[in-house]
Amino acid sequence: MQHKIITRGPLLDEKGHLNEAGYATELVLDYDRSAIKGGKLRIKEWDYYLITDGHIGVALTIADNSYMGLDSISFLDFDEGWEITKSPMRVMTMGKTGFPATSAKGDVEIYGKDYFLSFWNDGTGRKLSFKMDKFRGDDAIKGEIILANPPRLGDSDCHSDTMVISTPFPEKKTAFYYNQKINCMPAIGFVELGDRHIDLGIDHDAKATSFFGLLDWGRGVWTYKNTWYWGSASGMADGKPFGFNLGYGFGDTSAASENMLFHDGVAHKLSQVTFNIPEDEDGNELFEKPWTFTSDDGRFEMDFVPVLDRASKTDFKVLCSDQHQVFGRFTGKAILDDGTEIEIKDFFGFAEKVFNKW
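Residues numbered from 1 in each chain as written. Predicted model: local features only at pLDDT ≥ 70, side-chain atom pairs only at ≥ 80, totals over all residues. Heavy atoms only, no water.

## Some details on the side chain of Ser 271
For Ser 271, the location among the structural elements is in the loop between strand S22 (266-269) and strand S23 (273-276). For Ser 271, a relative accessible area of 18% translates into the label buried. For Ser 271, the residues in contact, after removing those within four places along its chain, are Gln 2, Ser 257, Asn 259, Asp 296 and Asp 297. (Helix = DSSP H or I, 4+ residues; strand = E, 2+ residues; numbered from the N terminus. Buried < 20%, exposed > 50% of the residue type's maximum accessible area, 1.4 Å probe, protein only. Contact = heavy atoms within 4.5 Å.)

If you want it as structure tokens, here you go:
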């Protein structure tokens, strides 16, 4: 079952329960932090951006998990096989980060002792600015990246479809996850790391830049212990923007999965997709060995060859995180709603498995 939400209205009812579970291609339901009944310390809000051309990547995060905030900058060099991530924390943020209630328009900014992150959105495009001192030894990192909202099928007045999912957690009625993923945003700008200067693209024509951006916009009340799987890719296929979002483990997805293809600005809904992570004879996952992806409807069948595992593990007993965000190249087929088969080879993206007690 893939239930599509089409009626506009509030996300939560007067008891703080989801009014409707399912998927959409835009933010049909309105998020209101003040309507949450799941406990002030359980509210989690974040904006995560990834910009890459398959050779280098930049990941930027501003997160407010109520009892703590997390601000993160990552630089990844896929050709050389290394990455650096720095993630300063803030204590007892409790919503003071000031996220907008929608991804359509609004700004969020964080200024720390030795860094800043600014995400600006005027409704027509996004500007990401960032700087962090002593990011790599004595080298600072800084940059400014502009992301365009790509038009749908050449219509400059109509934005492309996105993946939106409204998901309950069965063990707690006031827990929920409201999430939007925006793929295939053409990126221009620059990044500087020490004396290394990198230009991103030349204009907002998707055929003229090899850099694309992804937004993971998350709002919700999460249960304490979770394991999730997420995969995403954006690029060009047969001369048109193409991408996909895959995932599960984000709560009760019986109403709809978050698996979706994007082709030339139009979303194509998938059913269930399974991440097949190789294991050794003792059952230990081998994240840097080739994976496969299979679907119950045969519409997404891929091989995935890793090039870099951005792994992170922390264990403070009460708070614990074990993350493997694996970047690599997808090869296989994806089938659109009308039966058109898209074949891709060495299409750059990532797939991750994350365990959190948070």
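## Structural notes on the sheet that holds strand S27 (residues 341-357)
Strand order in the open sheet formed by 9 strands is S22-S21-S20-S19-S27-S26-S25-S24-S23, with antiparallel pairing between adjacent strands. In the strand order of this sheet, the two ends are held by S22 and S23, each with one partner. Each neighbouring strand pair of the sheet contributes to a mean axis angle of 20 degrees, computed without reference to strand direction. Of the strand pairs in this sheet, strand S21 (residues 260-263) and S22 are connected by 4 bridges, and their pairing is antiparallel. Residue Met 260 lies in a different strand from S22, and its bridge partner there is Lys 269. (Pairing = 2+ DSSP bridges. Axes fitted to C-alpha atoms, helices over the stretch in contact; angles between N-to-C directions.)

## Re the nonpolar core
Core analysis: the biggest nonpolar cluster contains 70 residues, and Ile 51, Phe 75, Phe 130, Ile 141, Ile 145, Phe 176 and Tyr 178 have the highest contact counts within it. With 9 residues, strand S16 (residues 172-193) is the largest single contributor of residues to this core. For Tyr 178, the residues in contact, after removing those within four places along its chain, are Leu 11, Leu 27, Val 28, Leu 29, Tyr 31, Val 164, Ile 165, Ser 166, Trp 217, Gly 218 and Arg 219. Counting residues in each nonpolar core, the second largest holds 25 residues, with Tyr 229, Val 273, Trp 291 and Ala 334 among its members. (Core = buried A, V, L, I, M, F, W, Y, C linked by side-chain atoms within 4.5 Å.)

## Quick word on the pairing of S23
Residues Val 273 and Phe 275 of S23 are buried on one face, while the alternating residues Thr 274 and Asn 276, pointing to the opposite face, are not. Of the strand pairs in this sheet, S23 and strand S24 (residues 291-295) are connected by 4 bridges, and their pairing is antiparallel. Paired with Thr 274 across the strands is Thr 294, a residue of S24.

## Considerations on the confidence of the model for the chain
Of the residues in the chain, 95% reach a pLDDT of 70 or more, and the chain-wide mean stands at 94. The model gives residues 203-207 a pLDDT under 50, and that stretch makes 14 contacts with residues more than four places away or in other chains. (pLDDT = per-residue confidence, 0-100.)

## Observations concerning the pattern of salt bridges
Within this structure, the stated rule accounts for 11 salt bridges. With a shortest N-O distance of 3.0 Å, Arg 8 and Glu 26 are connected by a salt bridge. Separated by 18 residues along the polypeptide, Arg 8 in the segment before strand S1 (9-10) and Glu 26 in the loop between strand S2 (22-24) and strand S3 (29-30) bring together distant segments of the chain. A relative accessible area of 53% places Arg 8 in the exposed class. In this structure Glu 26 comes out as partly exposed when scored by relative accessible area, which is 40%. With a shortest N-O distance of 3.2 Å, Glu 258 and Lys 181 are connected by a salt bridge. With Glu 258 in the loop between strand S20 (240-248) and S21 and Lys 181 in strand S16, this residue pair connects regions lying 77 residues apart in the sequence. Note on Lys 181: relative accessible area 1%, which makes it buried. (Salt bridge = Lys/Arg side-chain N within 4 Å of Asp/Glu carboxyl O.)

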